[in-house]
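Chain by chain, the residues run as shown.
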Amino acid sequence: VRLRPDRAEFRLNRAAIRAARGDLDGAIADWNRSGVDAPSVLLDLAAAWHTKHHAYEAERLLTRVLRIEPANARARYLLGGVRHGWGDRAGAIEQYTLALRAVPGMAEAAGDRGVARHALGELEGAVADYSLALHIHPRLPRIRANRGLAKLRLGDRSGAIEDYRR
């Protein structure tokens with residue numbers, strides 16, 4: 001049984017409000033009850049499950065989105081976060097790269113790809129990704145601090161100090 005469109009819209013709106021207020025359980029229930037299977041709804045649902053640390057459910061939903069829209073940058077980015085959380089840094093880098101290929105201005109994907117590379121010890125690549133993220137969005141203090149740390153580990157003390165001073 002499908003809900004009338006106005007009821008589905010009500011549930012989607014209420015889900016968005018609940019998610020914004022931090023009531024992820026309520027938001028998930030409303031998204032599920034809406035009966036809407038659009039990629040945008042599946043992405044919101046996947047993000048909520050990922051935030052609740054239910055990576056398998058998030059991955060299942062993201063895989064559904066990517067079957068419909070293989071170049072969906074948000075789905076690739078979120079799937080990168082799931083993979084990174086599982087310790088699959090190479091898989092995370094692959095998903096962040098695909099997200100950046102779809103949306104080159106996605107600073108979050110560049111920064112998180114840098115984090116994954118940093119975790120693998122690929123410090124030069126990490127610095128490059130952090131720099132790309134800061135070029136796209138200069139006011140990312142966590143990324144600037146990570147770049148400073150990577151530079152320090154590479155022996156670039158003055159570059160690290162410069163990043164920490166900003």
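A brief structural summary. (Residues numbered from 1 in each chain as written. Predicted model: local features only at pLDDT ≥ 70, side-chain atom pairs only at ≥ 80, totals over all residues. Heavy atoms only, no water.)

## Regarding the overall build of the chain
Using the following cut-off: Helix and strand labels come from DSSP, where a helix needs a run of H or I of at least four residues and a strand needs a run of E of at least two; each type is numbered from the N terminus. Think of it in three bands: residues with accessible area under 20% of the maximum for their type are buried, residues over 50% are exposed, and the middle band is partly exposed, with areas taken using a 1.4 Å probe on protein chains only. Residues scored as positive are Lys and Arg, those scored as negative are Asp and Glu, and His as well as the terminal groups of each chain are ignored. The atom standing in for a charge is NZ when the residue is Lys, CZ when it is Arg, CG when it is Asp and CD when it is Glu.
Each helix and strand counted, the chain has 10 helices and zero strands in total. For the chain, the C-alpha atoms occupy an extent of roughly 65 × 30 × 25 Å along the three principal directions. Out of the 166 residues in the chain, the part that is buried amounts to 42%. Of the charged side chains in the chain, 28 are positive and 20 negative, and the gap between their average positions amounts to 3 Å.

## Brief notes about the side chain of Arg76
Basically, it comes down to this: Think of a salt bridge as a Lys or Arg side-chain nitrogen and an Asp or Glu carboxyl oxygen that are within 4 Å of each other. A contact between two residues is defined here by any heavy atoms of the two lying within 4.5 Å.
Following the sequence through the fold, Arg76 ends up in helix 5 (residues 73-85). The buried charged residue Arg76 lacks any salt bridge, with Glu94 as its nearest oppositely charged partner at 6.1 Å. Residue contacts for Arg76: discarding those within four places in its chain leaves Leu66, Pro70, Gln95, Leu98 and Ala99.

## Focus on the side chain of Arg147
Looking at the secondary structure, you find Arg147 in helix 9 (residues 141-153). Arg147 gets classed as buried once you look at its relative accessible area, which sits at 11%. Ignoring any residue separated from it by four or fewer positions in sequence, one finds Arg147 in contact with Val127, Tyr130, Ser131, Leu134 and Asp163.

## Focus on the environment of Asp23
Cut-off, in case you're wondering: In protein, a polar contact requires one atom able to donate a hydrogen and another able to accept it; more generally it is a pair of N or O atoms within 3.5 Å, and residues adjacent in sequence count only if both atoms are side-chain atoms.
Tracing the chain through its elements places Asp23 in the loop between helix 1 (5-20) and helix 2 (24-34). Overall, Asp23 belongs to the partly exposed group, its relative accessible area being 34%. Engagement of the side chain of Asp23 in a polar contact is seen with the backbone nitrogen of Gly26, the distance being 3.0 Å.

## Points about helix 6 (residues 89-102)
This is how it is decided: Residue count minus one, scaled by 1.5 Å, sets the expected span of a helix.
Here helix 6 contains 14 residues, and its C-alpha end-to-end distance of 20 Å stays within 8% of the 20 Å for a straight helix at 1.5 Å per residue. Within helix 6, burial applies to Gly91, Ala92, Ile93, Gln95, Tyr96, Ala99 and Leu100. In this structure, the buried residues of helix 6 make contact with helix 5 and helix 7 (107-120).

## Observations regarding helix 4 (residues 55-68)
In an α-helix there are 3.6 residues to a turn, and that puts residues three or four apart on one side. Taking 1.5 Å as the rise per residue, helix 4 with 14 residues should run 20 Å; its terminal C-alpha atoms sit 20 Å apart, in good agreement. Those residues of helix 4 lying buried are Ala55, Ala58, Glu59, Leu61, Leu62, Val65 and Leu66.

## Topic: the packing of helix 2 against helix 3 (residues 39-51)
Put simply, the test is: Each axis is a line fitted through C-alpha atoms, and for a helix only the stretch in contact is used; angles between axes span 0 to 180 degrees, taken between their N-to-C directions. Here roughly perpendicular refers to angles of 65 to 115 degrees, roughly parallel to angles under 35, roughly antiparallel to angles over 145, and oblique to all remaining angles. Note: crossing handedness is left-handed where the near helix turns anticlockwise from the far helix by less than a right angle, and right-handed where it turns clockwise. Lys, Arg, Asp and Glu make up the charged group, whereas Ala, Val, Leu, Ile, Met, Phe, Trp, Tyr, Cys and Pro make up the nonpolar group; the residues left over, Gly among them, are polar.
The interhelical angle for the contact between helix 2 and helix 3, taken along N-to-C directions, is 150°, at an axis separation of 10 Å. Looking at the two axes, helix 2 sits roughly antiparallel to helix 3. In this structure, the crossing between helix 2 and helix 3 has a hand that is left-handed. Mapping the contact onto sequence places Leu24, Ile28, Trp31 and Asn32 in helix 2 and Val41, Asp44, Leu45, Ala48, Trp49 and Thr51 in helix 3. When grouped by side-chain class, the residues that make up the contact of helix 2 with helix 3 number seven nonpolar, two polar and one charged.

## Notes on the packing of aromatic side chains
Short version of the rule: Any pair of Phe, Tyr and Trp rings, taking the six-membered ring for Trp, is counted once the centres come within 6.5 Å. Such a pair is stacked with planes under 30 degrees apart, edge-to-face with planes over 60 apart, and tilted for the rest.
Throughout the structure, instances matching the rule amount to two aromatic pairs. On the basis of an interplanar angle of 35° and a centroid distance of 5.1 Å, the ring pair of Tyr56 and Trp86 is categorised as tilted. Here Trp86 lies in the loop between helix 5 and helix 6 and Tyr56 lies in helix 4, a separation of 30 residues in the sequence. The exposure class of Tyr56 is exposed, given its relative accessible area of 65%.

## Focus: the nonpolar core
One broad rule of soluble globular proteins: the nonpolar side chains tend to lie buried together. Formally: The set of buried Ala, Val, Leu, Ile, Met, Phe, Trp, Tyr and Cys residues whose side-chain atoms join them within 4.5 Å is what this entry labels a nonpolar core.
Ranked by internal contacts, the top residues of the largest apolar core, which has 23 residues, are Trp31 and Leu62. With eight residues, the single largest contributor to this core is helix 3. Once residues lying within four places of it in the same chain are set aside, the contact partners of Leu62 are Leu43, Ala46, Ala75, Leu78, Leu79 and Val82. Formed by 14 residues, the second largest nonpolar core is a distinct cluster that contains Leu100, Met106, Leu123 and Tyr130.

Shape descriptors only; they carry no functional weight alone.
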